[in-house]
Amino acid sequence: MLDPELLERITARRAELDELEELLAKQLAEVRVERDELAVAERVLERVSEQLAGERASAAPMPGQVGGQAVMLIPHRTSSAEEAMLPPDYQRILAAVRQAAGPVMAREVGEVVGVDVTVKAKLEPLRSKLVRLVDRGWLRKQPDGRFTTRL
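Every chain begins its residue count from 1, and numbering advances along the sequence as written. Two thresholds apply to this predicted model, a pLDDT of at least 70 for residue-level local features and 80 or more for giving and counting side-chain atom pairs, whereas whole-chain, interface and lining totals are computed over all residues. Processing note: side-chain calculations cover all non-hydrogen atoms of the structure and skip hydrogens and water entirely.

1. Description of the packing of helix 2 (residues 88-99) against helix 3 (residues 106-113)
Item 1. Axes, fitted as lines to C-alpha atoms, cover a helix only where it is in contact. Angles between the N-to-C directions of the axes lie from 0 to 180 degrees. Runs of H or I in DSSP of at least four residues are treated as helices and runs of E of at least two as strands, each being numbered from the N terminus. Two numbers describe how helix 2 lies on helix 3: the axes approach to 9 Å, and their chain directions differ by 115°. Our classification of the angle between helix 2 and helix 3 gives roughly perpendicular. Once helix 2 is placed against helix 3, the crossing between them reads as right-handed. Each of Arg92, Ile93, Ala96, Val97 and Gln99 in helix 2 lies in contact with helix 3, whose residues at this interface are Val109, Val112 and Val113.
Item 2. Three classes are used, and their members are as follows: Ala, Val, Leu, Ile, Met, Phe, Trp, Tyr, Cys and Pro are nonpolar, Asp, Glu, Lys and Arg are charged, and the others, Gly among them, are polar. A per-class count over the contact of helix 2 with helix 3 returns six nonpolar, one polar and one charged. Here roughly perpendicular refers to angles of 65 to 115 degrees, roughly parallel to angles under 35, roughly antiparallel to angles over 145, and oblique to all remaining angles. Put simply, a crossing is left-handed when the front helix is turned counterclockwise from the back one by less than a right angle, and right-handed when it is turned clockwise. We call two residues contacting when some pair of their heavy atoms lies within 4.5 Å.

This is how it looks when you write it as structure tokens:
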């Protein structure tokens with residue numbers, strides 16, 4: 001005759017293992033679904049990265065013309081773009097920001113590059129150049145309006 005206590009323990013253990021098997025099967029299914037989702041996300045990211053690279057290449061600044069004469073545009077900062085490509089006044093602005101002990105206001109840059117900072121009409125074109133350098137990736141503008149170099 002079989003021991004009823006032993007049979008009960010075996011039945012209980014079998015029930016525990018069945019529950020564990022169900023739980024593991026459910027977890028395995030979830031892992032497989034997530035892995036498939038990650039593979040799709042990876043493919044999407046690759047495609048988007050390729051598209052962005054193509055758009056950046058086609059959006060490279062082109063020289064413009066004003067009144068039939070070529071004008072030098074401020075190029076976007078890239079690994080191949082050097083400061084020497086910038087017009088001299090933009091190079092001086094970059095140097096002034098770089099020499100500062102920390103982030104600077106347009107007025108402080110103006111004092112270094114020789115702009116009459118007491119006249120707002122002379123300070124605004126400088127501020128515009130600073131913003132243009134920010135837009136092209138040469139400088140960074142902080143929320144408080146001060147400018148600093150990019151790393």
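2. Comments concerning the pattern of salt bridges
Item 1. Only one rule defines a salt bridge in this text: a Lys or Arg side-chain nitrogen within 4 Å of an Asp or Glu carboxyl oxygen. Scanning the model with the defined rule gives five salt bridges in all.
Item 2. Glu124 serves as the salt-bridge partner of Arg127, at 3.2 Å between the closest nitrogen and oxygen. Residue Arg127 and its partner Glu124 are located together in helix 4 (residues 120-135), separated by three residues, close to a single helical turn.
Item 3. Accessibility here uses a 1.4 Å probe with only protein chains present; expressed as a share of the type maximum, an area under 20% marks a residue as buried, one over 50% as exposed, and anything in between as partly exposed. Among the residues examined, Arg127 registers a relative accessible area of 27% and is labelled partly exposed.
Item 4. Assessed through its relative accessible area of 33%, Glu124 is described here as partly exposed.
Item 5. A salt bridge links Asp144 to Arg146; the nearest nitrogen and oxygen atoms lie 2.7 Å apart.
Item 6. When its relative accessible area of 29% is taken as the criterion, Arg146 is described as partly exposed.

By themselves these figures say nothing about function.
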